[in-house]
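One letter stands for each residue in the lines below.
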Amino acid sequence: YFGGAVRTHPVGTGIADFDIVVGEGYFVRCAQAATWTVTGTPFSATSVPLNLAAGYNLVALPLEPDPQNPYSADRAGIEASATQVLRYVNGAFETHPVGTTVRDFALVAGQGYFVRCAAAATWNVRR
């Protein structure tokens with residue numbers, strides 16, 4: 001989901017197949033409980049630029065943040081020039097209005113979040 005465009009791929013088909021991209025978020029729909037194990041070499045960069053479109057962008061932290069300086073929804077929103085940061089929890093969206101203390105949750109590497117921007121922006125995610 002990037003700037004209002006939803007891309008879907010029915011597994012096992014060649015329809016609308018796409019690459020998984022560092023920093024983008026994804027929804028995976030399963031018919032039953034499953035475990036998805038990601039393998040590979042850990043991403044070693046100290047910062048990663050995420051280009052955001054105006055509107056809602058589904059993103060994931062591509063780096064494990066420094067434990068001494070973790071990402072909160074507010075910090076992420078400020079750095080991304082966003083107006084809102086949302087997460088999906090227990091079947092509902094939880095919204096943090098940037099610049100407030102309302103529902104300011106911690107971001108976790110590898111989980112997906114919606115970042116709403118009024119205009120295109122670049123968020124330089126740092127370790």
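What you are looking at is a predicted structure, and each value in this text was computed from that prediction instead of being measured.

(A) Spatial organisation of a nonpolar patch on the surface. A surface patch of nonpolar side chains, about 490 Å² in accessible area, is lined by Ile20, Val28, Trp36 and Val38. Here valine 28 shows up in the segment before β1 (47-52).

(B) Examining unusual backbone geometry more closely. Phi at alanine 16 takes a positive value of approximately 50°, unusual for a residue other than glycine. With respect to the helices and strands, alanine 16 occurs in the segment before β1. A relative accessible area of 46% means that alanine 16 is categorised as partly exposed. Even without being glycine, asparagine 90 reaches a positive phi, approximately 50°.

(C) Local environment of the pairing of strand β5 (residues 112-117). Bridge count for strand β2 (residues 55-60) against β5 is 6 bridges, and the pairing is antiparallel. Residue pairing in the sheet places glycine 55 in a bridge with cysteine 117 of β5. Bridge analysis of strand β3 (residues 82-89) against β5 gives 4 bridges, and the strand direction is antiparallel. From the neighbouring strand, leucine 86 faces β5, where its bridge partner is phenylalanine 114.

(D) Up close: the packing of aromatic side chains. The tally for this structure, following the rule as stated, stands at 5 aromatic pairs. Judged by centre distance (5.7 Å) and plane angle (80°), the ring pair of tyrosine 71 and tryptophan 123 falls under edge-to-face. In this pair, tyrosine 71 sits in the loop between β2 and α1 (73-79) while tryptophan 123 sits in strand β6 (residues 121-126), placing the two residues 52 residues apart along the sequence. Residue classification places tyrosine 71 among the buried positions, given a relative accessible area of 1%. Here tryptophan 123 falls in the buried class, since its relative accessible area comes to 1%. With a centroid separation of 4.9 Å and an interplanar angle of 65°, the aromatic rings of tyrosine 88 and phenylalanine 93 are classed as edge-to-face. Given a relative accessible area of 46%, phenylalanine 93 falls into the partly exposed group. Of the aromatic side chains, those joined through ring pairs into one cluster are Tyr56, Tyr88, Phe93 and Phe114. Cation over ring: arginine 75 sits above tyrosine 71, and NZ or CZ is 3.7 Å from the ring centre.

(E) Main features of the sheet that holds β2. As summarised here, the arrangement of the 4 strands in space is β2-β5-β3-β4, forming an open sheet in which the pairing is antiparallel. Two strands lie at the open edges of the sheet, namely β2 and β4 (92-97), each paired on one side alone. With direction set aside, neighbouring strand axes in the sheet form an average angle of 25°.

(F) Local environment of the environment of isoleucine 78. Mapped onto the elements of the fold, isoleucine 78 is located in helix α1. Judged by its relative accessible area of 55%, isoleucine 78 is exposed. Separated by 45 residues in the primary sequence, isoleucine 78 and tryptophan 123 place their C-alpha atoms 9.2 Å from one another.

Criteria and thresholds
- Residues numbered from 1 in each chain as written.
- Predicted model: local features only at pLDDT ≥ 70, side-chain atom pairs only at ≥ 80, totals over all residues.
- Heavy atoms only, no water.
- Patch = residues over 30% accessible without salt bridge, like charges linked within 9 Å, V, L, I, M, F, W, Y side chains within 5 Å.
- Areas by Shrake-Rupley, 256 points an atom, 1.4 Å probe, with all protein chains shown as cover.
- Salt bridge = Lys/Arg side-chain N within 4 Å of Asp/Glu carboxyl O.
- Helix = DSSP H or I, 4+ residues; strand = E, 2+ residues; numbered from the N terminus.
- Buried < 20%, exposed > 50% of the residue type's maximum accessible area, 1.4 Å probe, protein only.
- Pairing = 2+ DSSP bridges.
- Phe/Tyr/Trp six-rings, centres within 6.5 Å; stacked < 30°, edge-to-face > 60°.
- Lys NZ or Arg CZ within 6 Å of the ring centre and 35° of its normal.
- Axes fitted to C-alpha atoms, helices over the stretch in contact; angles between N-to-C directions.

It is worth stressing that arrangement in space is one thing and function is another; only the former is reported here.
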